Amino acid sequence: MSDISYEVIVGLEIHVQLCTKTKMFCSCELSFGQEANARVCPVCLGMPGSLPVMNGQAVEYAMLAAMALNCTVAPFTKWDRKSYYYPDLPKNYQISQYDLPIGSHGYIEILLDDGQTKRIRILRAHLEEDAGKNLHTAGNFSQVDLNRAGTPLLEIVTEPDMNSPSQVRALAVELQRIMRYLGVSEGDMQKGHMRFEPNINLAITRPDGQFRTPIVEVKNLNSFRALERSVAYEVQRQLDDFLETGVTLQMGNKSTRGWNDQDEVTVLQREKEEAHDYRYFPDPDLVPVTTTPPWLDEIRSRLCELPLARQTRYVTQYGLSDYDAGVLTAERPTADFFERALAAGGEPKRVCNLLTQVGLKLAKDRGGDLSSLDLEPVAVADLAKMVDAGTVSATAANTILESMVATGKAPAALAQELNLIQTSDAGELEGIVDQVLAENVQAVQDVVTESKKSKKARGFLLGQVIQKTKGQANPKVVSEILERKLK
Amino acid sequence: MTLPDLTAIELREAIATRRISSAEAVAETFAQIDRLEPTVGAFLSLFRDEAAARAGDVDRRIAAGEPVGALAGVPVAVKDVLCTTFGATTCGSRMLERFHSPYDATAIRRLLNADAVIVGKTNMDEFAMGSSTENSALGRTVNPWAPDRVPGGSSGGSAAAVAARLCPVALGSDTGGSIRQPASFCGVVGLKPTYGRVSRYGLIAYGSSLDQIGPFGRTVADVALLLSVIAGHDPADSTSVDENVAPIADYLDGLDEPVEGLRIGVAPAFNAGAEPSVRAALEAALDVYRSAGAQIVEIDMPHLDYAIAAYYVIATAEASSNLSRYDGVHYGYRTPDPADYVEVYTKSREEAFGQEVKRRIMLGTYALSSGYYDAYYLKALKVRNLIRGDFVRAFEKCDAIVMPVAPTTAFKIGEKVDDPLKMYLGDIYTISANLAGIPGISVPCGLDENSLPIGLQVLTPAFSEAKLLRIARMYEAATDWHTKKPAMVQ
Ligand SMILES: [Zn+2]
C-alpha cells in the first residue's frame, strides 16, 4: 500500500445564529430554552396574510461579519424565497438570499499546528431565517416547536481549502472566536448557535491514476471535537471504501451521513443527493437592500482587531508565549481586560501571569468572563506594579488577586491586611542575616569553602532568612546581603 | 329615498347629527340583507350581534358628545380575503373554511378605528383567482342586475352587496382587475389604489407584487372616503409606501373641483377589442370629458397586448409560493385518513383546492422551475417593465388614460367556466394597472342592450389617487349612470 497517497479535501458550510434582539422578519425576541411555541407571532408562524419586515440589526451584523471575513459586501442585495415542504418550515418556503449574498469572496486566516497561518477562502455569506424544530418525543405523532423559526442565520460557505481534520477544527475555532469578538453571535455549538457541516472527500494518487472519492456531507456535529473526529473518521472510511469498491466521485453520488457521538462513527442518512429544485425567486413581500457607502463606513468603524491578529501581536509586541497569547485572545473580554491593564501601566508578562494563573480561573468558577468579576483592570495593573517593585512576591500577588475579587478591595490595602508586604529594608534584614549565619556555622562553612554542598547551603541560608521573616523578606535583597557577607 | 339608498357620506352625516341612529341603520341594513341576500348571495358570513353592539356603542358615544371616527356607525362589508379576529376568514376556499385569524388585517383595524360597523364578509373567487366569483367553493353570488349573470370577480360579493344596497360601501382586493371588473359588471364605483398605498398586512396573498386592497361604493365620494380611512404607511408591510414620499390626503378634499387643462389619453387600437356597446359607451364618455373642456390625445401602448401573458406567469408564480403553506400540516384542511406523511400534504391539497387554484399553482410552479425560470418568469418581468415604460411615456402626454374595464358586460353564469383561457382574456383591460402598480377606477358609464351596466376605467400615475378621483368625479357629476339601480331594488 506504499504506492498510494492521498490528499484530504474539506469545505465547510456553517450556520451562525446571530444574537440580534429580535427575529429576522418579526418582532419576536430570540428564544433560548423557552416553553415550546412561546416566542411566536403571526409573521414567524407564517399565518395567512402576515408579512415579513426586515430586521436592520441582522443585516448590520451580517455586514460586520462579512467584513471581518474579508468578503466583498454586496452594494445591492435582496431576499429570495427557497421553496421546500417541511413541517418545521411554516410557510413551506424559507426567506434566504440566492444570487446576491450579502458577502462573497472573502477569506479567513487560521493558525496551523506548526504556528504558520493558512488562508481559507470563503465563497459566500448570506442571511436567511432559521426553521423550527421537529420533536419526535410523543408516540404516534410528531410535534413542531417554532420558537426558533425566524431566527437570523448567517450561512457561510468556504471553498474546499482544508486538508486535515485539525485544519477543520482550527477554522471552526477561529470562526467562533471572530463571531464572538464581533458580538454578532454567542457561538455556542451545544446550543446550536453554530452548526458546522463539513463536505469531505479524498484525492487519491495511485500508479494507475488519480481518483476522487464521493463527497460526503456530515451532519449532527455539536462540538469541535465531534467535528474534528468526524473528518478523521471519514478520511479513513472513504479510503477503505475506495480500496474495497473503487467507487469514485460522480454526478449525484454525494451522500449525507450523520455523526454518532456515542460510537464516534458516521452513519448513512441519505444515499443520493436528491435533485432538489428550490424554485428560488425574489420575495415580493420585501424590498431590496442597498448598502450605501456611508452605511458601509459606519459598519466598518465597528470592526475591531480580529483575534488572530491580536494573538500574533501579543507574541511579537509583548513577547508572550504562543500559548499565553492564545489564552488571552480566546475571548474578547479577556483580551480587552488585558489591554486595559497594560494601558494602566501593568507590565505585559506580569499582567498575563496574574490573569492566566488566577483571574481566568476565578471568572470561570463564577461562570462568567473577566468583565463579570468585581475587578478593575487598573487594580490588576497596580498589583503587577507592586510585584515589579518588589513590594509583594509573585506568589503573594496571586493570593492578593483572589482577595481582590472576593472583597473588591485595593491591592495595596490587601497586601497590608494579609501581611504580604515584603521586607526590602537592608538594615533590618542584615540583622536577621547575621543571626542566621551565626546559627548555621556548617552551612556557612560549606559556602565559604566552595564545597560540593555550596549551592545547596546557600539556598538553605536564604530559606532560613525568609522563614524568620515569615515570608516577608524580599528574596532578592536577602540574596544580595548573603552574597556580600559570604564573600 | 329609503335608508339603503343612502350613501356612506349621507349616512354618517345622518348618524352624526342623530337624525337616525347607527343601530337603526344597521337594523335596516340587515332587513335589506334578509330581503335580498337569499337571491344575491353576496355574503359568506354576517355579524348581526357584533354589528348591533358596535352600532350601539357608536350611538352612545355620539350621544355623549365623544369624538367618533370618519365612518362612525356606517355599515361596511369586507371581502373574505381580509383577516379578521371575528368570524372565519375563508378566502372562498374549502381549504380555509374553518380558519380563524388571531389578528386583524391593517385595513380592518383602520375601518374599526374609524368606527365603521362591519356587517359581514363577502363571497369571492377562491383565493381571489377568477373573474366571476364562480370559483368560490363556499357560495354562489349573482349579479343584482340579472340573477342569471355573474357579478364579476374576484370581489364579486362586495360589488353585488353594494349594487343590491345591502350596504353602502365595501372593501375588495384587486390583483388583476378584481375590484374594477366586478364594479363594472355591477354598476358601482370600484377603486384599485396604487400598489403600496394601502397596507397588505392581513390580506391573504394571491400575487403579492400585484395585490392591492381597495373600496367599492355607489359614488366616487364614498370611495374617496373609504380610501382616506384605509390608506397610509404601515410598518408591518415593507411594500407600503412611506408617506414622506407619497403623502396621503383626505381624498374628499377638493373632490368636486374639476381638473384644469385635463388631457385624456386614449389607445384606440387597444380598445378595439371591446364589444360594440362597450366601445360606444367609451366614446360617449370621451364626449362628456370633451364637453368638460378636456383634450383627448391618442397614445400608443405597444406592450399591453402582452399583459395577460406576463400577468398569468407572475401572478401564478407568486401564488404557487404563497399558497404552499396550505398543506394540512401548517394551515388549512387536513385529509382525514392519510396513508402516510406525504399524503397529508398531497391529499389535503388535492381535496381542498378547487380546479382553478390548482391550475394556477401548477402554472406558477412550472414557471419557477429550474430550466424554465428564465424563459417564463424572468421574461414576464421584462414584459412588466416594458408595460411600465408604456405608461410612463403615455403619462408624458396626458394626465389620465381612459379605457374600458372589460371587453364585455356581465356574462351568463356558467358561460365561461369550462374555458379558462376565455376567462383570462376578459382581464385584458385591467391587468396592466396591476403590472404597472398604478391606480385605476371603474365608474358606471352606461347600460348595454340588455340593461347591464358598463364601466369606464380611468388610470393615472402612481400615487395620484386624489387627481384620479377628481377626474372620475368630473364624469360622474356630468352623468347620472351612477344613480341607476338594478330592478330588484327599484
Ligand atoms: Zn414572530
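Here we look at the overall build of chain B
- Scanning chain B from N- to C-terminus turns up 16 helices and eleven strands.
- Relative to the 2.2 N^0.38 estimate, which gives 23 Å for 490 residues, the radius of gyration of chain B is 21 Å and therefore close to what a compact globule would have.
- Along the first, second and third principal axes, the C-alpha set of chain B runs to 65 × 55 × 50 Å.
- Counting every position in chain B, which comprises 490 residues, the buried fraction comes to 64%.
- Surface exposure of chain B reaches about 16,800 Å², of which carbon and sulfur atoms provide 53%.

Observations concerning the overall build of chain A
- Summing up its helical and strand segments, chain A has 15 helices and 17 strands in all.
- Relative to a compact globule of 487 residues, whose C-alpha radius of gyration would be 23 Å, chain A shows 30 Å and is clearly more extended.
- Overall, chain A is about 95 × 60 × 50 Å in size when its C-alpha atoms are taken along their principal axes.
- Classification of the 487 residues of chain A by burial places 50% in the buried group.
- Element-wise, carbon and sulfur atoms account for 50% of the exposed surface of chain A, whose accessible area totals about 22,700 Å².
- A distance of 3 Å separates the average location of the 53 positive side-chain charges in chain A from that of its 65 negative side-chain charges.

Examining the interface of chain B and chain A
- The interface is formed by 37 residues belonging to chain B together with 30 residues belonging to chain A.
- When the buried area of chain B at its contact with chain A is split by residue, B:Ser238, B:Arg325 and B:Tyr331 rank highest and sum to 21% of it.
- In this structure, the connection of chain B to chain A is made through one salt bridge.
- Between B:Arg200 and A:Asp285 there is a salt bridge, with the nearest N and O atoms lying 3.1 Å from each other.
- The tally of links from chain B across to chain A stands at 20 residue pairs in polar contact (both at pLDDT 80 or more).
- At the level of elements, helix H10 (307–322), helix H11 (341–352) and helix H12 (355–368) of chain B are the ones that each hand at least two residues to the side of chain B that touches chain A.

Some details on the pattern of salt bridges
All names here are of chain A.
- Summed over all chains, the structure comprises 61 salt bridges over all chains.
- With a shortest N-O distance of 2.8 Å, glutamate 305 and arginine 313 are connected by a salt bridge.
- One network of salt bridges, with partners in common, ties together Glu305, Arg310, Arg313, Arg332, Asp336 and Glu339.

With respect to the sheet that holds strand E5 (residues 93–96) of chain A
All names here are of chain A.
- One open sheet accounts for three strands, arranged E5-E4-E16; its pairing is antiparallel. Both edges of this open sheet fall to E5 and strand E16 (281–282), since each of them pairs with a single strand only.
- When strand E4 (residues 80–83) meets E5, the two strands line up antiparallel, connected through four bridges. Across the sheet, arginine 81 pairs through a bridge with isoleucine 95, a residue of E5.

So, the pairing of strand E4 (residues 169–174) of chain B
All names here are of chain B.
- Of all six residues in E4, six are buried; the element is thus mostly enclosed.
- Of the two faces of E4, the one carrying Val169, Leu171 and Ser173 and the one carrying Ala170, Gly172 and Asp174 are both buried.
- Here strand E2 (residues 75–79) runs beside E4; their pairing, made up of three bridges, is parallel. Bridging across to E4, alanine 77 finds its partner in alanine 170.

A short note on a nonpolar patch on the surface
- The grouping of A:Tyr86, B:Tyr341 and B:Val342 at the surface amounts to a nonpolar patch, some 300 Å² of accessible area in total.
- For B:Val342, the position within the fold is in helix H11.

Here's the deal with the packing of aromatic side chains
- Under the definition given, this model contains 28 aromatic pairs over all chains.
- Ring geometry for A:Phe211 against A:Phe242: centres 5.2 Å apart, planes inclined by 45°, an arrangement best described as tilted. Separated by 31 residues along the polypeptide, A:Phe211 in strand E12 (residues 209–212) and A:Phe242 in helix H3 (residues 224–245) bring together distant segments of the chain.
- A relative accessible area of 2% means that A:Phe242 is categorised as buried.
- Between B:Tyr312 and B:Tyr424, the aromatic rings sit 4.0 Å apart at their centres with planes inclined by 15°, giving stacked as the arrangement.

Thoughts on the nonpolar core
- Membership of the largest hydrophobic core comes to 127 residues, with the highest contact counts inside it found for B:Phe127 and B:Tyr289.
- Discounting chain neighbours no more than four positions away, the residues touching B:Tyr289 are B:Leu262, B:Ile264, B:Ala294, B:Ile296, B:Val402, B:Leu456, B:Val458, B:Ile471, B:Ala472, B:Met474 and B:Tyr475.
- Counting residues in each nonpolar core, the second largest holds 103 residues, with A:Leu12, A:Ile178, A:Ala341 and A:Leu373 among its members.

Here's the deal with the domain arrangement of chain A
- With domains assigned, chain A is organised as domain 1 (5–293), domain 2 (307–417) and domain 3 (426–485).
- For domain 1 of chain A versus domain 3 of chain A, the separation of C-alpha centres amounts to 66 Å.

Observations regarding the layout of surface pockets
- For the second largest pocket, the calculated volume is near 800 Å³.
- Forming the walls of the second largest pocket are 29 residues, and the residues nearest its centre are A:Pro284, B:Tyr195, B:Ser209, B:Arg384 and B:Arg388.
- For the lining of the second largest pocket, the secondary-structure elements that each account for two or more residues are H10, helix H13 (374–397) and helix H15 (431–436) of chain B.
- Per element, the largest residue contribution to the lining of the second largest pocket is five residues, and it comes from H13(B).

Considerations on the coordination of the zinc ion
Residues and elements named next belong to chain A.
- Surrounding the zinc ion are the protein donor atoms Cys26 (SG), Cys28 (SG), Cys41 (SG) and Cys44 (SG), which sit 2.3 to 2.4 Å from the metal.
- One way to put it: the four donor atoms around the zinc ion meet at angles of 101 to 115°, and that makes the site tetrahedral.
- Along the chain, the residues donating to the zinc ion fall in the pattern C-x1-C-x12-C-x2-C.

Considerations on the sheet that holds strand E8 (residues 295–298) of chain B
Residue and element names in this part refer to chain B.
- Across the sheet, eleven strands lie side by side as E1-E3-E2-E4-E6-E5-E10-E11-E9-E7-E8; this open sheet has mixed pairing. On the outer flanks of this sheet lie strand E1 (43–46) and E8, each paired with one strand and no other. Within this sheet the neighbouring strands show an average axis-to-axis angle of 30°, counted without direction.
- Bridge count for strand E7 (residues 263–266) against E8 is four bridges, and the pairing is parallel.

Observations regarding unusual backbone geometry
- Following B:Gly153, the chain continues to B:Ser154 via a peptide bond in cis, the omega torsion being 10°.
- By the secondary structure assignment, B:Ser154 is in the loop between strand E3 (117–122) and helix H5 (156–163).
- Of note in this structure, A:His105 is not a glycine but carries a positive phi near 55°.
- Mapped onto the elements of the fold, A:His105 is located in strand E6 (residues 103–111).
- We classify A:His105 as exposed; its relative accessible area is 57%.
- One non-glycine residue, B:Cys91, lies in the positive phi region at around 60°.
- Examined against the element boundaries, B:Cys91 turns out to sit in the loop between E2 and helix H4 (106–113).

Describing the state of the cysteines
- Evaluated as defined, the whole model comprises zero disulfides over all chains.
- Here A:Cys304 is not disulfide-linked; the sulfur of A:Cys19 is the nearest cysteine sulfur, at 13 Å.
- The exposure class of A:Cys304 is buried, given its relative accessible area of 18%.
- Here B:Cys186 stays unpaired: no disulfide links it, and the sulfur of B:Cys167, its closest cysteine neighbor, is 12 Å away.

Calculation notes
- Sequence order sets the numbering: in each chain, residues are counted from 1 along the sequence as written.
- As a convention, the first chain written is A and the first ligand written is 1, with the rest following in written order.
- Residues qualify for local features only when their pLDDT is at least 70, as the model is predicted, and side-chain atom pairs are given and counted only at 80 or more; totals for whole chains, interfaces and linings, by contrast, use all residues.
- Side-chain calculation: all heavy atoms of the structure are included, whereas hydrogens and water are not.
- Numbering of helices and strands runs from the N terminus; a helix is a DSSP stretch of H or I covering at least four residues, while a strand is a stretch of E covering at least two.
- As defined in this context, the radius of gyration uses C-alpha atoms, and a globule is described by 2.2 Å times the residue total to the power 0.38.
- Only protein chains enter the accessibility calculation, which uses a 1.4 Å probe. A residue is then buried if its area is under 20% of the maximum for its type, exposed if over 50%, and partly exposed in between.
- Only the protein chains shown count as cover for residues, and all accessible areas are computed by the Shrake-Rupley method using a 1.4 Å probe.
- Charge counting treats Lys and Arg as positive and Asp and Glu as negative, with His and both chain ends excluded.
- Here the site of a charge means NZ on Lys, CZ on Arg, CG on Asp, or CD on Glu.
- The contact criterion used is simple: two residues touch if any of their non-hydrogen atoms lie within 4.5 Å.
- By buried area we mean how much accessible surface two parts lose on assembly, using a 1.4 Å probe and totalling the loss over both.
- Definition used for salt bridges: Asp or Glu carboxyl oxygen within 4 Å of a side-chain nitrogen of Lys or Arg.
- Polar contacts here mean pairs of N or O atoms no more than 3.5 Å apart (in protein, one a potential hydrogen donor and the other a potential acceptor; neighbouring residues in sequence count only if both atoms are side-chain atoms).
- Following DSSP output, two strands are said to pair if at least two bridges run between them.
- Patches in this entry comprise residues that are over 30% relatively accessible and not in a salt bridge; like charges within 9 Å are linked, as are nonpolar side chains (Val, Leu, Ile, Met, Phe, Trp, Tyr) within 5 Å.
- Geometry of aromatic contacts follows a simple scheme: Phe, Tyr and Trp rings, the Trp one being its six-membered ring, pair when their centres are within 6.5 Å, and the pair is stacked under 30 degrees between planes, edge-to-face over 60, tilted otherwise.
- We call a set of buried Ala, Val, Leu, Ile, Met, Phe, Trp, Tyr and Cys residues a nonpolar core when their side-chain atoms join them within 4.5 Å.
- The source of the domain bounds is an automatic or database domain assignment.
- Points on a 1 Å grid, built from protein atoms alone, make a cavity when a 1.4 Å probe fits but cannot get out and make a pocket when they are open with protein on both sides within 12 Å along at least 5 of 7 lines; residues with an atom within 4 Å of a point are the lining residues.
- Grid points are joined across faces, edges and corners, and a volume is the space filled by probe spheres set on the points.
- Atoms are scored as donors when they are N, O or S and lie within 2.8 Å of the metal, with 3.2 Å used for Na, K and Ca; no water is included, so coordination may look incomplete.
- In short, tetrahedral needs four donors with all angles between 85 and 135 degrees, square planar needs four and octahedral six donors with opposite donors over 155 degrees apart and all other angles between 65 and 115, and whatever is left is irregular.
- Between N-to-C directions, angles cover 0 to 180 degrees, with each direction set by a line fitted to C-alpha atoms, over the stretch in contact for helices.
- Note that a disulfide, as used here, is simply two cysteine sulfur atoms within 2.5 Å.

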